[in-house]
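Chain by chain, the residues:
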Amino acid sequence: MSKRELTLEVMRYDPEQDTEPYFQSYSVPCEQDWAILDALNYVKEEIDTTLSYRWSCHMMVCGSCGMMVNGEPSLTCKTFVRDLPDHVRIEPLANMPIERDLVVVLDDPMEKMHRARPWIIRQDDPPPPDQEYVQSRAALFKFKQYTMCVNCMCCYSACPQYALDQNFIGPAALALAHRYNLDSRDQGKSQRLDILADYDGVWECSFVGACSEVCPKSVDPAAAIQQMKVDGAIEWWKQKLPGGKS
Amino acid sequence: MESIHADVIIVGAGGGGLRAAIAIAQSNPDLKVALISKVYPMRSHTCGAEGGAAGVKGADDSLELHFNDTVSGGDWLCDQDVVEYFVRQAPRELVQLEHWGCPWSREDDGSVAVRPFGGMKKKRTWYAADKSGFHILHTLFQTSMQFESIKRFDEFFALDLLHRDGTCRGVVAMEMRSGLFFKFQAPAVILATGGSGQVFPFTTNGAVKTGDGMAMAYRAGVPLKDMEFVQYHPTGLPGTGILLTEGCRGEGGILVNRHGYRYLQDYGMGPETPIGEPVLKTMELGPRDRLSQAFWHEQKAGNTVETPWGDCVMLDMRHLGEKKINERLPLVRELATYYVGHDPVSDPVPVRPVVHYMMGGIDANINGETPMPGLFALGETACSGLHGANRLGSNSLTELLVAGKRSAERAAEYAQQAGSGGESPAVDALAEDIVKGVRELLLQKGDESLSGLRREMRNALEEGAGIYRDEASTSAACDTVAELKQRYAAIEVHDKSNIFNTDLQQALELRNLLDVAETVAEGSLQRRESRGAHQRLDYTERDDEEFLKHTLAFRNPEGRPRLEWLDVTITRSKPGVRDYSGDKKS
């Protein structure tokens, strides 16, 4: 297979030594079928062992290798040399502090996932331990798309609202809450409402849809957020009506 | 060095570690669980499993049939008491996962769907399209978040075990973001760190699978069992080694050679079955060891297809149609299209065998107990005797659940009985030694390259411990690994930073890989028979007289590992013939 020389311009930053991030260039002889992650691995093995970045599965499911590729939040194992120009700029995901080189601090999105209460909440008892819930294919289809999130956090990186205000709970966490709200086995929607419908929640989203555009797994967080706005409004009115909670 | 105390330490937060953590949090909410993982839990390689998890479901199936398939699939090297326990617990664990929200695929009536899988006599593989491991992992991780007694230590890289007087006391780990060292202490430690496919050059395994738990146990004097049994999955994408699930064949995909011929019929898995009507335990639904061995013979005979990435056979799924492929195998379609440019809807996809799973691991029993009191191990990092000489596809995801729960219960019980043990100067000294070793590695000068040594190790194992082995090649692999361990003393870590130093991490991972590699090579050399995934060109038959035994590899600081042999537990199935000819021959 013919090789193609790519110039990778990679952001470097070691907080112990550097006052600010800078770019370092590497010339990489790439195979045509390589992903950008393969090019980074080439740098790490053959040129500069000090470069730090996260990766593991190389098959689009572990979500480790999200980075900015030519300004676009991308999974680097799913971004191919054949689709890129000869000069490629690689930066850590935007909107999150840089930990080192291409590694970002994930504390905030991780904490927000937790706030979504992403587990089955029941008011009634579940079926006995040897018996499944019955769930139709149509009921599965309703939330399946939102289970596909690999937590690469590309959506946080693309979100203009999160860029402005880090209190915003953000696309992946909202999609995750919506996933459980839509699951026919779950009865916890009202518990998630409190967390999500407040000032850090769905109302903050300006619906430009940047999160859905960059999502490498077609999860479409923007659609989840819109649906939740509708649900949130209904729930809010329900609680205001006589006999409601508040 | 900061000290952290817990009741139970779990190292590894993939499917097994998370299942164990949840089990303890539910049954003993007062026990403090420290869950240490070198990556965020959802990055663990459980996410790479595609096809599904086995557990008896249909009215036409039985525990006995699942037992029989597993034991014959393992070429009778399975410990049958473990298999009996496993098949009995499997269905309930899979339902439990359903209750926790796992998005299993469904039948028309809304019950969980099952699909056929290799070596299984009945349809019993529960699946979530072709991302079963991914969904199991995320379901467990998300479920675990509700328990306050589980304290996570994400991106903490475990270095070595703390032990005193032969009893496990904890583990030392390095926090990646700061480079600081932490001394974790607890009466019970569970290792759930996964396998070590990264000892081979071509593997489905993610970069994280470097045998860390196996190596830590081994260095602490705990033996590794049956390490010579390495599973090659028959259908990996060439070039990258990306897995294409056995579900491709379960749904009806066929394997053909360059002549368009379904060659498996020539290797004891015929007669040929009609295209699109897969017959259980026959042809493409034979076990993985047999299919990978058949490829080897086809390659020798010149029947494979030359591709830019080397010799392949073709996996043809076109007859399944776009609708079924999109519904059941969407990830496979995406992976094949992106990485080799073949859309399975319109083209056969080139595939070849690829290292996928270690049947061997830390010597453990049905309770996850290892020979070292206080140390437990489960999942791929352990060898409980469940899989024998060849694991059946979809038994390992279920194993994470069954063994995760069982080991956790036992570890919790043990922790309560044993108590904390208090502070110990001997343990502190050991912790200091471990840290000193890492600091020295960081400062040492030398002219060996880390990636160079790693490449040599991988090639040596592929040569000497691949699909087929012989005395000369395995012997050479043993020598090479021993030599590489010497040369490791001259590697240099160029990155001197404390912050997220992956150069240092990879150097420490290579040390783990080399420890694992020597046990794989030694076992391959000393097992002079052919059984399951271990095939010797110079000892072509199974030899129950001599070798119906597990190997136990003990670390020998003076040189190559010392091997002992351990009897296999047989309860009701005497060693017999593995038959994959459907019902036609029997």
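Rules used in this analysis
- For every chain, the first residue of the written sequence is number 1, and numbering continues from 1 along that sequence.
- Labels are handed out in written order, letters beginning with A for the chains and numbers beginning with 1 for the ligands.
- Note on the predicted model: pLDDT of at least 70 is required for a residue's local features to be given, and 80 or more for side-chain atom pairs to be given and counted; whole-chain, interface and lining totals, by contrast, use all residues.
- Our contact criterion uses C-beta atoms placed from the backbone: two residues qualify when those atoms are within 7 Å.
- Under the DSSP-based scheme used, a helix requires at least four consecutive residues in state H or I and a strand at least two consecutive residues in state E, with every element numbered from the N terminus.
- To obtain an axis, a line is fitted to C-alpha atoms, over the contacting stretch when the element is a helix, and the angle between two such axes runs from 0 to 180 degrees between their N-to-C directions.
- When describing relative orientation, an angle under 35 degrees is termed roughly parallel and one over 145 degrees roughly antiparallel, while 65 to 115 degrees is termed roughly perpendicular and anything else oblique.
- Here is the rule for handedness: rotate from the far helix to the near one, and if that takes an anticlockwise turn smaller than a right angle the crossing is left-handed, while a clockwise turn gives right-handed.
- Each residue receives one of three labels: charged for Asp, Glu, Lys and Arg, nonpolar for Ala, Val, Leu, Ile, Met, Phe, Trp, Tyr, Cys and Pro, and polar for the others, Gly being one of them.
- Per the annotation, domain bounds derive from an automatic or database assignment of domains.
- Counting other C-beta atoms within 10 Å of a residue's own tells you its class, since 20 or more makes it buried, 12 or fewer makes it exposed, and anything in between is partly exposed; those C-beta atoms are placed from the backbone.
- Think of it this way: DSSP has to see at least two bridges between two strands before they count as a pair.
- Whether a crossover is right-handed depends on one test, that the path from the first strand over the helix to the second runs clockwise when the strands point away from the viewer.

Visitor: So what about the interface of chain A and chain B? Which residues, and what values?
Guide: With 43 residues of chain A at the contact, the number on the chain B side is 46 residues. Residue assignment for the side of chain A that touches chain B shows that the elements contributing at least two residues are β6 (98-100) and α3 (137-144) of chain A. Ranked by the residues each element gives to the side of chain A that touches chain B, the list is headed by α3(A), at 3 residues.

Visitor: Before we move on, could you go through the packing of helix α12 (residues 450-464) of chain B against helix α14 (residues 502-526) of chain B and cite the residues and values that matter?
Guide: Residue and element names in this part refer to chain B. Close contact between α12 and α14 brings their axes to 11 Å; oriented N to C, the two are set at 20°. Of the possible angle classes, the one that applies to α12 and α14 is roughly parallel. In the packing of α12 onto α14, the handedness of the crossing is left-handed. Contacts between α12 and α14 involve L450, L453, R454, M457, L461 and G464 on the former and, on the latter, Q506, A507, L510, L513, L514, A517, V520, A521 and S524. In the contact of α12 with α14, the residues fall into 11 nonpolar, 3 polar and 1 charged.

Visitor: Describe the domain arrangement of chain A, listing the residues and the values that go with them.
Guide: Interfaces are often described in size by the accessible area the parts lose on coming together. All names here are of chain A. The domain boundaries assigned to chain A delineate domain 1 (3-104) and domain 2 (107-240). When each unit is reduced to the centre of its C-alpha atoms, the spacing between domain 1 and domain 2 is 30 Å. Between domain 1 and domain 2, the contact holds 15 residues from the first and 14 residues from the second. At the level of elements, β3 (66-69) and β4 (72-75) are the ones that each hand at least two residues to the side of domain 1 that touches domain 2. Here the side of domain 1 that touches domain 2 gets 4 residues from one element, more than from any other, and that element is β4. Residues that form the side of domain 1 that touches domain 2 fall into these classes: 9 nonpolar, 4 polar and 2 charged.

Visitor: Go over unusual backbone geometry with me, naming the residues and quoting the values.
Guide: The omega torsion of the bond from B:G270 to B:P271 falls at 5°, within 30 degrees of zero and hence cis. Unlike most non-glycine residues, A:F207 shows phi in positive territory, near 50°. Locating A:F207 in the fold gives a position in the loop between α7 (189-196) and α8 (210-214). What makes A:F207 partly exposed here is the crowd of 13 C-beta atoms within 10 Å. One non-glycine residue, B:E155, lies in the positive phi region at around 60°.

Visitor: Can you lay out the sheet that holds strand β23 (residues 549-554) of chain B for me, pointing to particular residues and giving the numbers?
Guide: All names here are of chain B. Strand order in the open sheet formed by 5 strands is β20-β18-β12-β23-β24, with mixed pairing between adjacent strands. One side of each edge strand has no neighbouring strand; the edge strands of this open sheet are β20 (382-383) and β24 (562-567). Note that strand β12 (residues 224-225) and strand β18 (residues 361-363) share 2 bridges and pair antiparallel. Each residue of the ladder has a partner; that of K225, found in β18, is G361. In the packing of helix α5 (residues 212-219) onto the sheet, the strands contacted are β12 and β18, and the crossing angle to β18 comes to about 35°. Running at roughly 140° to β23, α14 makes contact with β12, β23 and β24 of the sheet.

Visitor: For the pairing of strand β3 (residues 33-37) of chain B, give the residues involved together with the corresponding values.
Guide: A regular strand places its side chains on the two faces of the sheet in alternate fashion. Residues and elements named next belong to chain B. Taking burial as the measure, the 5 residues of β3 include 5 buried ones, the bulk of the element. Alignment of strand β2 (residues 8-11) against β3, held across 4 bridges, turns out to be parallel. The residue of β3 that forms the bridge with V8 is V33. Handedness of the β2-helix α1 (residues 15-27)-β3 crossover: right-handed. With 5 bridges connecting them, β3 and strand β7 (residues 150-154) associate as parallel partners. In the sheet register, I36 faces β7, and the bridge partner there is F153.

Visitor: Tell me about the packing of α1(B) against helix α4 (residues 132-144) of chain B, and name the residues and values.
Guide: Helix packing for two helices is described by the angle between their axes and how far apart those axes are. Residues and elements named next belong to chain B. For the pair α1 and α4, interaxial distance at closest approach is 9 Å and the crossing angle is 30°. The orientation of α1 relative to α4 falls into the category roughly parallel. For the element pair α1 and α4, the recorded crossing hand is left-handed. Between α1, through G15, L18, R19, A21 and I22, and α4, the contact on the second element is made entirely by I136, L137, L140, F141, T143 and S144. For the contact of α1 with α4, the residue count by class is 7 nonpolar, 3 polar and 1 charged.

Visitor: Give a description of the domain arrangement of chain B that names residues and reports values.
Guide: All names here are of chain B. Parsing chain B into structural domains produces domain 1 (2-229 + 359-423), domain 2 (235-355) and domain 3 (427-544). For domain 1 versus domain 3, the separation of C-alpha centres amounts to 24 Å. Residue-level contacts link 37 residues of domain 1 with 33 residues of domain 3. Counting only elements with at least two residues in the side of domain 1 that touches domain 3, the list comes to β8 (156-164), β9 (167-175), β10 (181-185) and α5. A class-by-class count of the residues in the side of domain 1 that touches domain 3 yields 19 nonpolar, 9 polar and 9 charged.

Visitor: Any chance you could break down the pairing of strand β1 (residues 3-12) of chain A for me, citing the residues and the numbers?
Guide: All names here are of chain A. Note that β1 and strand β2 (residues 22-31) share 10 bridges and pair antiparallel. Bridge pairing links R12 to Y22 in β2. For β1 and strand β5 (residues 87-91), the ladder comprises 4 bridges, and the chain directions are parallel. Note on β5: the bridge partner recorded for T7 is H87.

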